[in-house]
Amino acid sequence: MAAPTAAEPAMNKLTYDVLSPVYTTSQDSEPSSEDSGKLQDYVVDFLEKEVGGDLNNVGDLLDKLREENDELEGQVLTVSSSVPPKVSAALSAAEEARCSLEDLLQRERLISNMLNQHLQGAQPWMDNLGQMLNQVDTIERHMKYLRCLQHIEELSAAVQQCLMTSSVWEAIRAVDSMAALDTGLNQSGCSHLQDFLRETLHFWHKIIKDRLTGEFDKVLTQLHWPIISPPTQSLTPTANYQEINSQLELLVTQLLALQTSDDLLSQRALASSVPSTQPVSSATLESQAAPLCLPIQIMLLPLSKRFRYHFYGNRQTNSLSKPEWYLTQVLMWMSNSSTFMEEKIQPILDRAGATISARVELCRGLLSLVQEKVASDASRLLYDDMLFCHLVEEVLQFEKELRSNQSYPAALPGLLHLLLEDAILQKWLTVEKKMAVEKMDAMLSAEGAWSSQYKDISDMDELKAPDCAETFMTLLQVITERYRALPCPSAQLKFLGLQRELVDDFRIRLTQVMKEESRCPLGARYCAILNAVNYICTILGDWGDNVFFLQLQQAAVSLGEEAVLGGLGVMEVGRLASLEGSLFEGLLALLDRLKGDMMGRLLEWTMREITEKAKPYCQDRWLSLPSQHDQSTMSLSSSACPMMLCVRDRLLNLHQVLSLSLFQLAWQGLAERLDNFLYQDVILFNHFSDGGAAQLQFDMTRNLFPLFGHYCKRPENFFKHVKEACIILCLNVGSAILLRDLLKESEDETRDWTGAEDPPPESALHELGVYCLASCDVLILLNLRASWPGQ
């Protein structure tokens with residue numbers, strides 16, 4: 001064990017000095033063993049850092065720590081000596097603030113007590129003043145009430161005086177003042193005053209209106225109103241013609257001035273007659289929207305009496321089965337009265353500054369009669385399909401004539417909005433579907449259902465649509481024309497959904513009939529079904545580009561109609577919104593699939609018959625045929641005659657029974673199948689001598705290809721395999737050897753490319769006119785040649 005050195009006491013003291021601050025700060029709590037260990041590690045690290053292995057620095061380090069300790073003690077003493085004066089100053093300030101706060105609180109209590117005493121003393125005065133103010137307010141309201149009552153009585157007296165002196169204009173102005181006062185009292189709680197004013201207004205308004213109406217009726221009678229029959233040109237004007245016109249203008253102008261009060265009273269009467277809980281029909285809402293011009297109302301009275309006399313009650317003219325009677329009568333009244341309204345009434349309205357059309361106002365008034373009658377009849381015909389359909393047809397025809405012949409503005413409602421009532425619209429859809437299904441059954445079972453009515457007119461029979469398909473599409477077009485004019489896109493989309501349902505139903509029926517005829521696809525009825533499917537596809541494709549259906553497409557997307565968009569994904573709806581697709585895409589896809597299946601079955605049966613006729617030709621002795629250098633002496637192979645005749649007959653038959661577009665698909669599909677058949681079963685199945693190859697080329701180029709030349713300019717382009725195989729088989733021996741060697745070398749060098757720039761074999765084939773066949777196919781064809789040197 002090493003002896004202690006002289007530096008050990010200094011080292012121990014240094015350790016004590018370093019540890020003493022730590023123990024001082026934690027003297028209240030006993031340090032744990034973990035804390036003691038950390039502290040010891042800290043001291044050892046500190047000594048290692050400051051002293052290291054040189055113990056001579058221990059004294060300097062000790063002196064430095066003592067100086068720092070003395071400096072810290074001095075700072076603590078200085079701070080401790082300066083704290084008491086500051087604390088005492090803060091306490092003094094706090095005491096002064098407390099005293100000031102108590103003084104303020106005392107003053108506040110004193111002032112509050114004085115204020116309460118003053119309020120208690122002034123309360124009786126305030127109560128008396130409030131009572132006086134209430135009395136003044138009551139007296140003032142009574143004065144206003146009495147002044148208003150006096151004003152009403154003054155206006156009433158003024159109206160009476162004016163009527164006694166025949167000052168109609170002054171009376172009308174007084175009545176207008178009453179109407180303005182009534183409008184001002186609308187929010188008032190003085191119900192008795194309001195009732196008195198309204199009764200007074202109604203009393204004088206009725207007197208003035210009755211007087212003007214009587215005079216107006218006399219003038220209209222002199223002008224032969226109402227005009228029931230078509231007007232005739234009078235030979236000479238009446239003696240007092242100018243006076244009558246002056247009276248007419250005066251009365252119309254005075255009635256126009258009475259319009260404000262008349263509208264007010266009409267609205268009051270309508271509001272009191274219709275309870276708030278009672279549902280209001282669309283016809284009533286339209287009549288409430290804009291009151292008729294007062295002179296026109298009076299002019300409508302005799303026409304309204306005639307209408308109700310003839311078309312209500314037990315009259316024979318009031319027949320549910322004859323709505324055209326009253327609809328036609330109203331149109332006649334409109335037409336007969338238009339000249340009178342435009343020549344007599346409209347100039348007066350223009351001079352009076354009224355921005356209305358006399359003719360349109362008369363039509364509106366007559367329409368209100370028709371609307372009421374149609375709404376009543378429609379609700380009674382919901383359980384009679386035939387009469388309901390007849391009513392709808394007549395309403396649609398009336399609307400068409402109203403807009404076209406009478407030039408009734410599109411912004412004003414006619415009769416179509418009556419058909420949009422839920423019960424009526426649903427009945428219309430139901431009956432439309434029922435009638436369409438019945439017509440489909442009838443048209444498919446008719447005797448001439450599968451023959452074209454234009455079959456004897458070649459210029460009009462390109463589509464060769466059978467009568468049932470044309471009748472069906474006409475039925476859909478008629479449905480479109482019926483709902484096209486409806487003012488509600490949502491209702492139009494319901495009819496569009498019905499049309500799509502009918503198209504799908506008709507497709508299913510065609511499929512059922514096609515399955516019955518599929519045992520004989522070459523028959524006339526099978527081809528007629530194929531023409532029908534193609535015709536429907538063509539018409540629906542045209543409808544997809546029609547402006548009306550494009551507008552419905554946009555409406556369906558914006559309204560989110562499930563009946564039309566049901567089952568479509570976000571992408572499909574987006575395509576519809578951007579007008580990339582159409583509402584008939586789903587139906588067209590199903591119809592195209594049916595058309596493709598039927599065309600495939602038709603061509604399959606045709607090829608089955610052709611291949612049966614071509615068996616002798618496939619087994620011909622191509623290898624032993626002698627070479628013929630002059631093709632002018634060559635003739636068609638006898639074994640090919642049945643096949644060629646069959647092809648010719650089938651092409652002619654298909655051309656006669658199929659539409660032009662379908663026949664294009666048919667002969668091109670037949671050419672493709674025939675090309676593959678001849679290449680596989682005739683060419684690749686045999687070996688050919690020079691004579692055999694020449695005969696094959698002659699049969700194809702001079703006999704088969706011309707059969708299709710009636711329908712295209714270059715039929716050989718549809719027989720690429722056969723045409724190119726004939727080229728290879730008919731090469732002279734030298735060219736055939738060179739081509740074979742080139743193809744074999746190219747085949748051998750595909751795995752070991754030398755970089756030589758020899759032309760590829762495809763270029764040599766292209767020079768010969770071979771573009772479809774691959775190099776390996778050409779080698780196979782070359783091996784089918786029998787005339788090689790040395791053989």
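## Comments concerning the overall build of the protein
For step 1, the next point in the chain: For the protein, the count of helices and strands is 28 helices and 0 strands.
For step 2, the next point in the chain: In the protein, which comprises 791 residues, the share counted as buried stands at 38%.
For step 3, the next point in the chain: Excluding contacts between residues fewer than 6 apart, the proportion of contacts in the protein whose partners are at least 24 apart in sequence is 76%.
For step 4, the next point in the chain: In the structure as shown, the protein presents an accessible area of about 45400 Å², 55% of it carried by carbon and sulfur atoms.

## A short note on the side chain of E361
For step 1, the next point in the chain: By the element assignment, E361 lies in helix α11 (residues 358–380).
For step 2, the next point in the chain: Ignoring any residue separated from it by four or fewer positions in sequence, one finds E361 in contact with P291, L292, C293, I296 and I356.

## Focus on the packing of helix α4 (residues 168–184) against helix α5 (residues 191–222)
For step 1, the next point in the chain: Two elements in contact, α4 and α5, have axes separated by 10 Å at closest approach and are oriented at 150°. Relative to α5, α4 is oriented roughly antiparallel. Like other packed secondary-structure pairs, α4 and α5 cross with a definite hand, here left-handed. Where α4 approaches α5, its residues V168, A171, I172, V175, M178, A179, L181 and D182 are matched on the opposing element by L197, R198, T200, L201, W204, H205, I208 and L212.

## Focus on the nonpolar core
For step 1, the next point in the chain: Counting 198 residues, the largest nonpolar core has F472, L540, L674, L696, M700, L704 and F708 as its most contacted members.
For step 2, the next point in the chain: Here the element with the most residues in this core is helix α16 (residues 524–544); it accounts for 13 residues.
For step 3, the next point in the chain: Aside from chain neighbours lying at most four places away, what touches L540 is M473, V503, F584, L587, L588 and L591.

## Side note on a nonpolar patch on the surface
For step 1, the next point in the chain: A cluster of nonpolar side chains, I139, M143, Y145 and L146, forms an exposed patch at the surface whose accessible area comes to about 370 Å².
For step 2, the next point in the chain: With respect to the element layout, M143 can be found in helix α3 (residues 58–164).
For step 3, the next point in the chain: We classify M143 as partly exposed; its relative accessible area is 41%.

## Focus on helix α22 (residues 641–657)
For step 1, the next point in the chain: Its 17 residues give α22 an end-to-end C-alpha distance of 24 Å, which sits within 8% of 24 Å, the value for a rise of 1.5 Å per residue.
For step 2, the next point in the chain: All of the buried residues along α22 are M643, M644, C646, V647, R650, L651 and L654. Relative to the axis of α22, the buried residues are bounded by an arc of 160° and lie together on one face.

## Overview of the confidence of the model for the protein
For step 1, the next point in the chain: Per-residue pLDDT for the protein has a mean of 85; in total, 85% of the residues score no lower than 70.
For step 2, the next point in the chain: Counting interchain partners and residues more than four positions distant, the pLDDT-below-50 stretch residues 1–29 has 23 contacts.
For step 3, the next point in the chain: Taken together, the stretch residues 276–280 has pLDDT below 50 and engages in 3 contacts with residues farther than four places along the chain or on a different chain.

## Concerning the packing of helix α10 (residues 323–351) against helix α12 (residues 385–404)
How two helices sit against one another is set out by the angle between their axes and by the gap between those axes.
For step 1, the next point in the chain: Where α10 meets α12, the closest approach of the two axes is 9 Å, and the angle between their N-to-C directions is 10°. It follows from the interaxial angle that α10 and α12 lie roughly parallel. Facing P323, E324, Y326, L327, V330, L331 and M334 of α10, the residues of α12 in contact are H390, L391, E394, V395, F398, E401 and L402.
For step 2, the next point in the chain: Of the residues contributing to the contact of α10 with α12, the split by class is 10 nonpolar, 1 polar and 3 charged.

## Some details on a negative patch on the surface
For step 1, the next point in the chain: On the surface, a cluster of negative charge is contributed by D60, D63, E67, E68, D70, E71 and E73.
For step 2, the next point in the chain: For E68, a relative accessible area of 39% gives the class partly exposed.

## Let's talk about unusual backbone geometry
Note: most residues except glycine have negative phi, and most peptide bonds are trans.
For step 1, the next point in the chain: Here the bond from W225 into P226 is cis, since omega is 5°, no more than 30 degrees from zero.
For step 2, the next point in the chain: With respect to the element layout, P226 can be found in the loop between α5 and α6 (241–257).
For step 3, the next point in the chain: Of note in the backbone geometry, H224 takes a positive phi value of approximately 65° without being a glycine.
For step 4, the next point in the chain: For H224, the position within the fold is in the loop between α5 and α6.
For step 5, the next point in the chain: A positive phi is found at K464, a non-glycine position, where the angle reads about 50°.
For step 6, the next point in the chain: By the element assignment, K464 lies in the loop between α13 (422–445) and α14 (467–483).

## Side note on the side chain of K373
For step 1, the next point in the chain: Along the polypeptide, K373 turns up in helix α11.
For step 2, the next point in the chain: Engagement of the side chain of K373 in a polar contact is seen with the backbone oxygen of F311, the distance being 2.7 Å.
For step 3, the next point in the chain: Polar side-chain contacts of K373 include one of 2.6 Å to the side chain of N318.
For step 4, the next point in the chain: Excluding anything up to four places from it in sequence, K373 contacts F307, F311, Y312, N318 and Y326.

## Things to note about the pattern of salt bridges
For step 1, the next point in the chain: Under the defined criterion, the tally for this structure stands at 30 salt bridges.
For step 2, the next point in the chain: Between E102 and R98 there is a salt bridge, with the nearest N and O atoms lying 2.7 Å from each other. With E102 and R98 both in helix α3 and 4 residues apart, this pair spans about one turn of that helix.
For step 3, the next point in the chain: For E102, a relative accessible area of 43% translates into the label partly exposed.
For step 4, the next point in the chain: Exposure remark for R98: the relative accessible area of 39% places this residue in the partly exposed category.
For step 5, the next point in the chain: Among the ionic pairs, K433 bridges to E501, the shortest N-O distance being 2.5 Å. Here E501 lies in helix α15 (residues 489–517) and K433 lies in helix α13, a separation of 68 residues in the sequence.
For step 6, the next point in the chain: One connected set of salt bridges, linked through shared partners, spans E95, R98 and E102.

## A closer look at the packing of aromatic side chains
To describe a pair of aromatic rings, one takes the distance between the centres and the angle between the planes.
For step 1, the next point in the chain: Per the counting criterion, the structure on display carries 22 aromatic pairs.
For step 2, the next point in the chain: What links up through ring pairs into an aromatic cluster is the set W428, Y483, F495, W543, F548, F549 and F584.
For step 3, the next point in the chain: Positioned above the aromatic ring of Y312 is the side chain of R308, whose terminal nitrogen or guanidinium carbon lies 5.5 Å from the ring centre.

## Side note on the environment of F718
For step 1, the next point in the chain: Along the chain, F718 turns up in the loop between α24 (690–708) and α25 (720–729).
For step 2, the next point in the chain: Residue class for F718 comes out partly exposed when judged on its relative accessible area of 30%.
For step 3, the next point in the chain: Between the alpha carbons of F718 and R673 there is a distance of 9.9 Å; along the sequence they are 45 residues apart.

## A look at helix α26 (residues 733–748)
For step 1, the next point in the chain: Helix length check: α26, at 16 residues, gives a terminal C-alpha distance of 22 Å against a target of 22 Å (1.5 Å per residue), a fit within 8%.
For step 2, the next point in the chain: Those residues of α26 that fall on the buried side of the exposure criterion are A736, L739 and L743. Projection of α26 onto a plane perpendicular to its axis shows the buried side chains occupying an angular sector of 70°, all on one side. Across from the buried face of α26, at angles greater than 90 degrees, the exposed residues are L738 and D748.
For step 3, the next point in the chain: Residues of α26 that are buried sit in contact with α25, α27 (761–768) and α28 (775–783).

Rules used throughout
Residues numbered from 1 in each chain as written. Predicted model: local features only at pLDDT ≥ 70, side-chain atom pairs only at ≥ 80, totals over all residues. Heavy atoms only, no water. Helix = DSSP H or I, 4+ residues; strand = E, 2+ residues; numbered from the N terminus. Buried < 20%, exposed > 50% of the residue type's maximum accessible area, 1.4 Å probe, protein only. Contact = heavy atoms within 4.5 Å. Areas by Shrake-Rupley, 256 points an atom, 1.4 Å probe, with all protein chains shown as cover. Axes fitted to C-alpha atoms, helices over the stretch in contact; angles between N-to-C directions. Parallel < 35°, antiparallel > 145°, perpendicular 65-115°, else oblique. Left-handed = near helix turned anticlockwise from the far one by under 90°. Core = buried A, V, L, I, M, F, W, Y, C linked by side-chain atoms within 4.5 Å. Patch = residues over 30% accessible without salt bridge, like charges linked within 9 Å, V, L, I, M, F, W, Y side chains within 5 Å. Salt bridge = Lys/Arg side-chain N within 4 Å of Asp/Glu carboxyl O. Expected span 1.5 Å × (residues − 1). Arc of directions from axis to C-beta. pLDDT = per-residue confidence, 0-100. Nonpolar A, V, L, I, M, F, W, Y, C, P; charged D, E, K, R; others polar. Lys, Arg positive; Asp, Glu negative; His and termini not counted. Charge placed at Lys NZ, Arg CZ, Asp CG, Glu CD. Polar contact = N/O pair within 3.5 Å; in protein donor to acceptor, adjacent residues only side chain to side chain. Phe/Tyr/Trp six-rings, centres within 6.5 Å; stacked < 30°, edge-to-face > 60°. Lys NZ or Arg CZ within 6 Å of the ring centre and 35° of its normal.

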